[in-house]
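The chain contents come next:
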Amino acid sequence: MKNLKKIFALLLALLMVAGCLTACGDKQNGGDDEIKYDENGNPDLSGKTLKIGYIGNMTDSDCEIQQNVINLFMDKWKAEGTLYGADVELIAYDNGNNGQQDTEMSIKSAQKLISSDKVQVIIPAQMSNIIQATGDIINSAKVLDIGLGLSVTWMQQGWDYVYRSALCNDFQIPSITAAMTELNQKNIALLYANTDNCLTFRDSLKAGCKDAGINIVCEEMLPSASTSASSGSGTGITGQITKAIQSKPDAIFISHMGNEYGTVVKQIRQSGFKGIIYLGQNLWAEEIESIGNEEVNGVVLCSPYVTYANVEDCKDPFIYEVLKAYKEKYGVCPTSEMVYKAWDAMLLLENAVLAAKSINSEDMQAAISSLKFDGCGGVMDFTTGSNECYFTARPWVYTGQGAAGGVVLMEEWLKSDLAKNIVITNS
């Protein structure tokens, strides 16, 4: 009998400890314990903390922009009490290794953010291979994961807690092939970099071109930017570009990494190609300046948005306010599209908290499927059940006239005299 009493006492103690741990865990994750609600059902989350985990290369300019946007939103939320009075904390880990984002370091950072820091959401920078590597860990922990990368791969895994706040590369393809078809461009040369993002984009473009009756007449892999730079003024890509031009394409498509297009475009123009050059991502303002006004004319981008060198150059009311808020806080106009991706990630998080009336990650995840709100690229629609929010792009053309390349919609460019300076098709 004494032994039986000891067993019952031990079981009771274990249950009490487990209950305590559960309660503590709930509090760390924004649980509903001791939360008071007003007459409208809104909670008072003062005293609770929404923890945002971030993984990125701390020496990278894109990652700097991402963290700046996160901090901008956090300051705004705290000042205005936006998240029902909850406090907000950013916990960031560096995954940089010799200038590159390291997969193993990212995995360890994700594990630490989950197990030690008890974050409710993780933003794993913009590299698709990093999002792919950490996705299962974050999803299994039922922590929100908002990826900024463009590859289709990591969104094909069926992860319920993984979302994207940007336009997937694959959703650009219909706009790209439609533009090529409209311009009667039947033969395309394809240049691409050896990354998950660029390789999947290449494959999707090839499939889209095949369906549209467009021929890929040349495929060439480009070396990394560092390799090209070490060769001197982009000469490391001369052979690939020469082969592309010798294939006599109607247009050239480039699938590369952000801030690495400028060297390729400039070399193509210097090699004598006068046709349209399609890009997979935005040109940065610095890249446009390095290419030159005349040379950048006829460079096409299919995207929901474009970048600007100055806030005043932007005519889109929503984007204008984004750039204005960033410049007011940090003193510069961001020239990378990363500002839009990070901004939309924070908008998603904000709307998820407001809809769920909770900072618990499971509550937020359950609420996201009902969300539909304005973002940098238009309406962010999560009601489709795909964990994506943007599905269409518009064809823009850099004209070289005005700040940041004077970007205009293709339909406007085709009506201008500038279009006459470009060989639309060899057909």
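How each quantity is defined
- Residues numbered from 1 in each chain as written.
- Predicted model: local features only at pLDDT ≥ 70, side-chain atom pairs only at ≥ 80, totals over all residues.
- Heavy atoms only, no water.
- Helix = DSSP H or I, 4+ residues; strand = E, 2+ residues; numbered from the N terminus.
- Buried < 20%, exposed > 50% of the residue type's maximum accessible area, 1.4 Å probe, protein only.
- Contact = heavy atoms within 4.5 Å.
- Areas by Shrake-Rupley, 256 points an atom, 1.4 Å probe, with all protein chains shown as cover.
- Salt bridge = Lys/Arg side-chain N within 4 Å of Asp/Glu carboxyl O.
- Phe/Tyr/Trp six-rings, centres within 6.5 Å; stacked < 30°, edge-to-face > 60°.
- Lys NZ or Arg CZ within 6 Å of the ring centre and 35° of its normal.
- pLDDT = per-residue confidence, 0-100.
- Core = buried A, V, L, I, M, F, W, Y, C linked by side-chain atoms within 4.5 Å.
- Pairing = 2+ DSSP bridges.
- Axes fitted to C-alpha atoms, helices over the stretch in contact; angles between N-to-C directions.

### Brief notes about the overall build of the protein
Next, step 1: Within the protein one finds 15 helices and 18 strands.
Next, step 2: Counting only residues that meet the buried cut, the protein has 52% of its 427 residues in that class.
Next, step 3: At a minimum sequence separation of 6, the contacts of the protein that also span at least 24 residues come to 66%.
Next, step 4: A total of about 18,400 Å² of accessible surface is found on the protein, and carbon and sulfur atoms cover 50% of it.

### Quick word on the pattern of salt bridges
Next, step 1: Applying the stated rule across the entire model yields nine salt bridges.
Next, step 2: Here E104 makes a salt bridge to K108, at a shortest N to O gap of 3.7 Å. With E104 and K108 both in helix 3 (residues 103-115) and four residues apart, the pair spans about one turn of that helix.
Next, step 3: Notably, a salt bridge pairs D417 with K420, separated by 3.3 Å at the nearest N-O pair.
Next, step 4: Since its relative accessible area comes to 56%, D417 is described here as exposed.
Next, step 5: Residue classification places K420 among the exposed residues on the basis of a relative accessible area of 66%.

### Considering the packing of aromatic side chains
Next, step 1: Evaluation of the coordinates by the stated rule reveals eight aromatic pairs.
Next, step 2: Note on F201 and F253: the rings are 5.3 Å apart at their centroids and 75° apart in plane angle, and the pair reads as edge-to-face. Placement of the pair is F201 in helix 6 (residues 196-212) and F253 in strand 12 (residues 251-255), with a sequence separation of 52 residues.
Next, step 3: Over the aromatic face of Y192 sits the side chain of R202, whose NZ or CZ is 4.7 Å from the ring centroid.

### Some details on the confidence of the model for the protein
Next, step 1: Confidence along the protein averages 89 in pLDDT terms, with 89% of residues attaining 70 or more.
Next, step 2: Taken as a whole, residues 10-28 scores under 50 in pLDDT and shows nine contacts with residues more than four places along the chain or in a different chain.
Next, step 3: This model gives residues 226-234 a pLDDT under 50, and the stretch forms nine contacts once residues within four places in sequence are excluded.

### Let's talk about the nonpolar core
Next, step 1: One finds I52, I254, Y278 and L349 to be the most contacted residues of the largest nonpolar core, which totals 110 residues.
Next, step 2: When residues in this core are grouped by element, the largest group, twelve residues, is from helix 13 (residues 338-356).
Next, step 3: Filtering out sequence-adjacent residues up to four positions away, I254 remains in contact with L191, L222, Y261, V264, V265, I268, I277, Y278, L279 and G280.
Next, step 4: Membership of the second largest hydrophobic core comes to ten residues, among which are I91, Y93, A110 and L113.

### Side note on the sheet that holds strand 11 (residues 215-222)
One key point about sheets: their strands pair by backbone hydrogen bonds, in either a parallel or an antiparallel sense.
Next, step 1: Read across the open sheet, the seven strands follow the order 11-10-12-13-14-17-18; overall the sheet is mixed. Of all strands in the sheet, those bounded by a partner on one side alone are strand 11 and strand 18 (407-409). The average undirected angle you get between the axes of adjacent strands in this sheet is 25°.
Next, step 2: Summarising the sheet, strand 13 (residues 276-279) and strand 14 (residues 299-303) pair through three bridges and their orientation is parallel. Bridge pairing in strand 14 links L279 to L301.
Next, step 3: Along the sheet, helix 5 (residues 173-182) contacts strand 10 (187-193), strand 12, strand 13 and strand 14; its crossing angle with strand 13, the most-contacted strand, is approximately 170°.
Next, step 4: Most of the contacts of helix 6 go to strand 10, to which it runs at about 165°, and overall it touches strand 10, strand 11 and strand 12.

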